[in-house]
Amino acid sequence: MAEHFAAPPGWTWYIALYFFLAGLAGGSYVLATIMRLRGSPQDAPIVRIGYLLPLPLVVVCALFLTLDLGTPLRFWHMLINTTPGDVGLNFHYWSPMSVGVWALSIFGAFTLLSFLEARGNLRRLPVAIPIVGSLFALYLASYTGVLLSVSNQPVWSDTWALGGLFLASGLSGSAALLVWLGRYVNGAPQTEARLSKADGYFALLELAFIVAFFITIAIAGTIGKTVSPFWAILWILVLLSLLPGIRAVVARREAPESVAASVAVIAGVLLMRLVIVFSAQS
Amino acid sequence: MPDQVGFFTDTSVCIGCKACEVACKEWNGLAGDTPQFRDSYDNTGQLDAENWRHVKFIDLVPEAPSVVGNGTAWLLMSDICKHCEHASCMEVCPTNAIVKTEYDTVFIQPDVCNGCRNCISACPYSAIGFSKDTGVVHKCTFCYDRLQNNLMPACAKACPTQSIQFGNLDDLRQKADARVAALHDQGYDQAQLYGRDDTVYGGLHAFFLLMAKPEVYGLPNAANATLPSRNNLGGYLGAAVAAVIGIFAGIVALRGGGGDA
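The shown structure was predicted, so the numbers you read here are calculated from the model rather than taken from an experiment.

Peer 1: How would you summarise the overall build of chain B if you had to cite specific residues and measurements?
Peer 2: In terms of helices and strands, chain B carries seven helices and 10 strands. Projected onto the principal axes, the alpha-carbon positions of chain B cover approximately 85 × 50 × 40 Å. Taking all 261 residues of chain B together, the buried fraction comes to 47%. In chain B, 60% of the contacts between residues at least 6 apart in sequence involve partners at least 24 apart.

So this is what it looks like as structure tokens:
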């Protein structure tokens, strides 16, 4: 049984919202790239949205991260070492927070290129750019869970599942978001149907990681912190948000999910992060 | 290179006078605490940005003593940052604000820290606190300024019972070995050293003689004294598995057969 005596770091709304938006930014970019490489010409309007979204989301992510700092004007200390006599770049591969700040910055550059391309300000980018950008997108959407685990906090440090869980949930939420926004740009119903199917697959993957998460923290003996009555109700809502996608996969339905289902999926993505961030610190 | 220094805190002779807390606050200019009733003689509560020494009062008074003097009534312990040889806080700090000094103690540079609080999530001893006033984190400095002027830390100087002893780390370890052997001879079988050797975070520069198991004092035992980086491999592997399955599922679901969109 794990015993923890660490104090909570006081990471609350800014951090939970950052985790949420990072998942959507990374997920949207990856899905747009998959559709660009393996989709059909009819997907173009939604691919465009998938490349337009990440830049503003990343900007808000950086803003939230900075505002959460106790001394926001020193945000650049994450990247540059200001220790007297030891000046240089800060990059600690063993610290997900350090790697994550670099990944966010580099991914930001990729989102800018893709944003400009999607707006028609740039010529069509070589395919290598979105592919490499997608690697950073995958990292951004998942490292936030690893960051929580690389600590000595109850729940967070008792599981290996958070990185995978956040990534699966980010992909699911992004698919739902693109289906939803696709309705406003005359997206092809076939594209929305395929995205809904993808959402179902991602929901199944998320469910598998939720199961792994609960098993690992049950073994560690810290499950009680995150399934007390209040948090248990929120976990049930998270599980309910997975249902539309999973049901569509099981029923082999080839139709776009409803707006209500998309909104429920996105709300579940946010709720899951809120429960994990807040319950472990309660 | 100066000697490696340390604190040896012998909890068996602590009387809970809190002279260490007061000396620490006075020397370091830390604000006083608002008085609070905590159903205990402990009105400090915890280590934090304003309390770098904290005398724990661990109440083990039996509800219904059956025999006069039938066991320990109180355990007292002057808690502090342990200045770990392998420090969890230092491992996760993204700004390099947390460094080792020439005395091998752990020091937070307040002008480098940006208040991300990752160190708080990592410290297994709750020894670091965030100050809204300064916007950065604080903890015991081992009286770094006093060390540089050949003065012993204020808490050790003020301790009236020599529960807190300061000195060369190797000398303190020898003293601690002799003291725990003497207690065992007197029948105190539970007496044990915590952090004296490398089983806990590679060894602690502030190590303790305890009169019960570490968990009773709110300290992780050797099995639970683990560094945050232990979870890097598992966390990233889980993420990689999700990435591979996610990409594959995405390709299967999203393929349109029409080539480049």
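Peer 1: Can you tell me about unusual backbone geometry, naming the residues and giving the values?
Peer 2: Residues and elements named next belong to chain B. A positive phi angle, close to 50°, is found at H83, a residue other than glycine. Among the structural elements, H83 can be located in the loop between β3 (74-80) and α2 (88-92). Located in the positive-phi region is N96, a residue other than glycine, with phi close to 65°. Within the secondary structure layout, N96 lies in the loop between α2 and β4 (98-100).

Peer 1: An account of the nonpolar core is requested, with residue identities and associated values reported.
Peer 2: Counting 161 residues, the largest nonpolar core has A25 and L140 of chain A together with C89 and C119 of chain B as the members making the most contacts within it. If one sorts the elements of this core by residue count, helix α1 (residues 13-38) of chain A sits on top with 15 residues.

Peer 1: For the sheet that holds strand β9 (residues 192-194) of chain B, give the residues involved together with the corresponding values.
Peer 2: Sheet strands pair via backbone hydrogen bonds, and the direction of the pair is either parallel or antiparallel. Residue and element names in this part refer to chain B. Pairing in this open sheet of four strands is mixed, and the strands run β8-β1-β10-β9 from one edge to the other. On the outer flanks of this sheet lie β8 (164-168) and β9, each paired with one strand and no other. Looking at each pair of strands side by side, their axes are set apart by 20° on average, direction ignored. With three bridges joining them, β9 and strand β10 (residues 206-210) adopt antiparallel strand pairing. What sits directly across from Q192, in β10, is L210. Running over the sheet, helix α6 (residues 169-185) touches β1 (5-10), β8, β9 and β10 and is turned about 135° from β8.

Peer 1: Hey, could you go over the interface of chain B and chain A for me, with residue numbers and the actual values?
Peer 2: At the junction of the two partners, chain B supplies 55 residues and chain A supplies 64 residues. Breaking the side of chain B that touches chain A down by element, the ones donating at least two residues are α2, α3 (118-122) and α7 (230-254) of chain B. The element contributing the most residues to the side of chain B that touches chain A is α7 of chain B, with 18 residues.

Peer 1: Can you tell me about the pairing of β10 of chain B, naming the residues and giving the values?
Peer 2: Residue and element names in this part refer to chain B. Counting buried residues along β10, five of its five residues qualify, which places the element largely inside the surrounding structure. Neither face of β10 is left uncovered, since the one carrying A206, F208 and L210 and the one carrying F207 and L209 both have all their residues buried. Pairing between β1 and β10: four bridges, direction parallel. The residue bridging D10 from the neighbouring strand is L209, located in β10.

Peer 1: Describe the environment of A19 of chain B, with residues and values.
Peer 2: Residue and element names in this part refer to chain B. Relative to the assigned elements, A19 resides in helix α1 (residues 19-28). For the pair A19 and A154, spaced 135 residues apart in the sequence, the C-alpha separation amounts to 9.6 Å. Setting aside residues up to four positions removed in sequence, A19 forms contacts with A158, C159 and P160.

Peer 1: Pulling in residues and values, what's your account of the packing of helix α7 (residues 189-220) of chain A against helix α8 (residues 229-250) of chain A?
Peer 2: Packed helices, taken two at a time, are described by their axes: the angle between them and the distance between them. Residue and element names in this part refer to chain A. Packing of α7 against α8 brings their axes to within 7 Å, and their N-to-C directions diverge by 115°. Our classification of the angle between α7 and α8 gives roughly perpendicular. As α7 runs across α8, the sense of the crossing is left-handed. Taken together, the residues of α8 that come into contact with α7 (itself represented by S196, K197, D199, G200, Y201, A203, L204, E206 and L207) are L242, G245, I246, A248 and V249. Of the residues contributing to the contact of α7 with α8, the split by class is eight nonpolar, three polar and three charged.

Criteria and thresholds
- Residues numbered from 1 in each chain as written.
- Chains lettered and ligands numbered in written order.
- Predicted model: local features only at pLDDT ≥ 70, side-chain atom pairs only at ≥ 80, totals over all residues.
- Helix = DSSP H or I, 4+ residues; strand = E, 2+ residues; numbered from the N terminus.
- Buried ≥ 20, exposed ≤ 12 C-beta atoms within 10 Å, placed from the backbone.
- Contact = placed C-beta atoms within 7 Å.
- Core = buried A, V, L, I, M, F, W, Y, C linked by C-beta atoms within 7 Å.
- Pairing = 2+ DSSP bridges.
- Axes fitted to C-alpha atoms, helices over the stretch in contact; angles between N-to-C directions.
- Parallel < 35°, antiparallel > 145°, perpendicular 65-115°, else oblique.
- Left-handed = near helix turned anticlockwise from the far one by under 90°.
- Nonpolar A, V, L, I, M, F, W, Y, C, P; charged D, E, K, R; others polar.

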